[in-house]
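# Understanding the architecture of this molecule
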Amino acid sequence: MTALTTTAAPRQLRGRFQGAALGIAAWLAGILFVLPILWMALTSFHSESDAATNPPSLAASLTLDSYREFFGAGGGASPWPSLINSLTASLASTLLTLLLALPAAYALSIRPVKKWTDVLFFFLSTKMLPLVAGLLPIYLFAKNTGLLDNIWALVVLYTAMNLPIAVWMMQSFFAEVPVAIIEAAQIDGARLPTILGRVVAPIALPGIAATSLICFIFSWNELLFARVLTGVVAETAPVFLTGFITSQGLFLAKVCAASLVISLPVLAAGFAAQDKLVQGLSLGAVK
């Protein structure tokens, strides 16, 4: 018994040491990822002269001038139309993506479909095309149909861009739904819309939430097509942000303030749905 106790003690110490080392490594990695965001937030409260110093000064005085100028207090353009356009395009495209991805994922995961793996690969292969390669055809189509500088053109475009990844993700989530529950609902006379809305969706809600958040983030952060297809009326928040980089120079404090404000909706959505996001992304990983 003494020998076993003597052997177990070093193993426990080794396990504690490894756990502490992993904890320290996780904290260091977290700080490494958060540090640029904290630095951006601190720079946004500096004046332009203090933000441009090299090396930057941590003890510089704090001011809200950059935020005042971002919101148009100095006579500049107001960011609210751009923020509303981004919110409209992101929410509308996310809802439309979910409406189209739900039945597609249901058909590929629960209902027998021939060569369903080929269908999924086709969906994923559409994401392999570089965005720049499709820029000119889409621009010409929008120009000939009168959809330039139209927010609904971005809604349709973002829906098409997010739909493949949404179907791919939700297919794996729906595969975890017990088929017996769906068969019981069918025996009770439930039709497909009822099954999707009242049976499948509540069970796969974490996966749907994770998919929705990812689609929202992709739509909110998209810049290339928004920059080319919009002008003044449908300008989005990322396009508005690029206006702070001018031929007169880079207004670093204003850019940091604008970046922080524009990032807040995505950060707030991610923080509010973090439990569903983690649960959805890990759904099916542990049997």
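A brief look at the structure comes next. Remember, predicted model here, so these are calculated numbers, not experimental data. (Residues numbered from 1 in each chain as written. Predicted model: local features only at pLDDT ≥ 70, side-chain atom pairs only at ≥ 80, totals over all residues. Heavy atoms only, no water.)

Between helix H7 (residues 151-174) and helix H10 (residues 205-221), whose axes approach to 10 Å, the crossing angle comes to 160°. Viewed along their axes, H7 and H10 adopt a mutual orientation that is roughly antiparallel. Relative to H10, the crossing made by H7 is right-handed. When H7 is examined against H10, the residues Tyr 158, Asn 162, Ala 166, Met 169, Met 170, Phe 173 and Phe 174 are found in contact with a partner set consisting of Gly 207, Ile 208, Ala 210, Thr 211, Ile 214, Cys 215, Phe 218 and Ser 219. Looking at side-chain class alone, the contact of H7 with H10 contains 11 nonpolar, four polar and no charged residues. (Axes fitted to C-alpha atoms, helices over the stretch in contact; angles between N-to-C directions. Helix = DSSP H or I, 4+ residues; strand = E, 2+ residues; numbered from the N terminus. Parallel < 35°, antiparallel > 145°, perpendicular 65-115°, else oblique. Left-handed = near helix turned anticlockwise from the far one by under 90°. Contact = heavy atoms within 4.5 Å. Nonpolar A, V, L, I, M, F, W, Y, C, P; charged D, E, K, R; others polar.)

This part is about the nonpolar core. Within the largest apolar cluster, 26 residues are counted, with the highest numbers of intra-cluster contacts made by Tyr 106, Met 170, Phe 174, Ile 182, Ile 195, Val 200 and Ile 208. Of all the elements in the fold, those that place two or more residues in this core are helix H4 (80-109), H7, helix H8 (179-187), helix H9 (192-203) and H10. Of the residues forming this core, the biggest block, seven residues, is contributed by H7. Among all residues touching Met 170, those that are not within four sequence positions of it are Leu 98, Ala 101, Leu 102, Ala 105, Ile 208 and Thr 211. Residues Phe 70, Leu 83, Leu 260 and Ile 262 belong to the second largest nonpolar core, which totals 16 residues. (Core = buried A, V, L, I, M, F, W, Y, C linked by side-chain atoms within 4.5 Å. Buried < 20%, exposed > 50% of the residue type's maximum accessible area, 1.4 Å probe, protein only.)

Any link to function would need more than the numbers given here.
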